[in-house]
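Summary of the model geometry
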Amino acid sequence: MTFSADTAGLYRFLAQQEAKVIAGAMSGLHDATDRLLADSRNEAPLKTGTLRMTAGKRVKNENGHIYGEVFYSATEEAGGVRFNYALRVHEMGEYKHPSTPGTRPKFLSRPLRTNERLYQRFVNDAIRRALR
């Protein structure tokens, strides 16, 4: 006795579900990175506004590997040498005289750690919605 089954329909279904999961993850990562960008901008120094203006975010799908990033790209020149102002300000210790109340170093990593579960929930919820 032999048994055979046509699994083509199953494979099509699984491919559709995978596409939905990827679309949901992309949507959720857009929501999460938008929120992290807003949260971090609120904590970034504002003296000239350059740092906040150079902030951005990106969400990518590279061969099924989906990731999102928030970045600051302000650079300055001192003594003829160009340096990453955003990194310097992010990594410095306490601000002795912040130009704007509520600003602080670690303006990107602090909200990321504090709101990590919220950002994960954005992705999880978007995937669930995509699978409905």
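Since this is a predicted model, take the numbers as computed values, not measurements.

**Let's talk about the overall build of the chain**
The secondary structure content of the chain amounts to 5 helices and 4 strands. Ordering the α and β elements of the chain from the N terminus gives α-α-β-β-β-β-α-α-α. Scaling as 2.2 N^0.38, a compact globule of 132 residues should have a C-alpha radius of gyration of about 14 Å, whereas the chain reaches 21 Å, well beyond that. Split into buried and exposed, the 132 residues of the chain put 32% on the buried side. Averaging the locations of the 21 positively and 14 negatively charged side chains of the chain gives two centres separated by 4 Å.

**Structural notes on the environment of Arg52**
The topology assignment puts Arg52 in helix α2 (residues 50-53). Each C-alpha atom, one on Arg52 and one on Leu10, is 49 Å from the other, the two residues being 42 residues apart in sequence. A distance of 2.9 Å separates a polar side-chain atom of Arg52 from the backbone oxygen of Arg41. Here the side chain of Arg52 touches Ala44 through a polar contact of 2.6 Å, landing on its backbone oxygen.

**Description of the packing of aromatic side chains**
Tallying each qualifying case throughout the model produces 1 aromatic pair. Considering the side-chain rings of Tyr72 and Phe107, the 4.9 Å spacing of their centres and the 80 degrees angle between planes classify their relative orientation as edge-to-face. Here Phe107 lies in the loop between α3 (85-91) and α4 (109-114) and Tyr72 lies in the loop between β2 (65-71) and β3 (75-78), a separation of 35 residues in the sequence. Exposure remark for Tyr72: the relative accessible area of 10% places this residue in the buried category. Residue class for Phe107 comes out buried when judged on its relative accessible area of 1%.

**Notes on the packing of helix α1 (residues 8-43) against helix α5 (residues 116-130)**
Where α1 meets α5, the closest approach of the two axes is 7 Å, and the angle between their N-to-C directions is 150 degrees. Judged on the interaxial angle alone, α5 and α1 are roughly antiparallel. As for the relative orientation of α1 and α5, their crossing is right-handed in sense. Judged by residue contacts, Lys20, Val21, Gly24, Ala25, Ser27, Gly28, Leu29, Asp31, Ala32, Arg35, Leu36 and Asp39 of α1 engage Leu118, Tyr119, Phe122, Val123, Ala126, Ile127, Arg129 and Ala130 from α5. Here the contact of α1 with α5 is built from residues that sort into 12 nonpolar, 3 polar and 5 charged.

**Quick notes on the side chain of Ser40**
For Ser40, the position within the fold is in helix α1. Looking at Ser40, its side chain comes within polar contact range of the main-chain oxygen of Leu37, at 3.1 Å.

**A short note on the pairing of strand β4 (residues 81-84)**
Across a regular strand the side chains alternate sides, sitting on one face of the sheet and then on the other. As defined by bridge partners, β3 adjoins β4 across 4 bridges and the pair is classed as antiparallel. Looking across to β4, one finds that Glu77 is bridged to Arg82. Hairpin connection of β3 to β4: 2 residues between the antiparallel strands, including Gly79 at a positive phi of 60 degrees.

**What to know about the confidence of the model for the chain**
This prediction gives the chain a mean pLDDT of 87; 95% of its residues lie at or above 70. α5 holds the highest mean pLDDT among the elements of the chain, 97, whereas β4 holds the lowest, 76.

**A short note on the pattern of salt bridges**
The full count for this structure, using the stated rule, is 5 salt bridges. In this structure, Asp39 and Arg35 form a salt bridge, with 3.2 Å as the shortest nitrogen-oxygen distance. Of this pair, Asp39 and Arg35 are both found in helix α1, 4 residues apart, which corresponds to roughly one turn of the helix. The class for Asp39 is buried, based on a relative accessible area of 15%. Across the salt bridge formed by Arg110 and Glu43, the nearest N and O atoms sit 2.0 Å from each other. Taken together, the residues Arg110 in helix α4 and Glu43 in helix α1 connect sequence positions 67 residues apart. Judged by its relative accessible area of 27%, Arg110 is partly exposed.

The rules we used
Residues numbered from 1 in each chain as written. Predicted model: local features only at pLDDT ≥ 70, side-chain atom pairs only at ≥ 80, totals over all residues. Heavy atoms only, no water. Helix = DSSP H or I, 4+ residues; strand = E, 2+ residues; numbered from the N terminus. Rg over C-alpha atoms; globule rule 2.2 N^0.38 Å. Buried < 20%, exposed > 50% of the residue type's maximum accessible area, 1.4 Å probe, protein only. Lys, Arg positive; Asp, Glu negative; His and termini not counted. Charge placed at Lys NZ, Arg CZ, Asp CG, Glu CD. Polar contact = N/O pair within 3.5 Å; in protein donor to acceptor, adjacent residues only side chain to side chain. Phe/Tyr/Trp six-rings, centres within 6.5 Å; stacked < 30°, edge-to-face > 60°. Axes fitted to C-alpha atoms, helices over the stretch in contact; angles between N-to-C directions. Parallel < 35°, antiparallel > 145°, perpendicular 65-115°, else oblique. Left-handed = near helix turned anticlockwise from the far one by under 90°. Contact = heavy atoms within 4.5 Å. Nonpolar A, V, L, I, M, F, W, Y, C, P; charged D, E, K, R; others polar. Pairing = 2+ DSSP bridges. pLDDT = per-residue confidence, 0-100. Salt bridge = Lys/Arg side-chain N within 4 Å of Asp/Glu carboxyl O.

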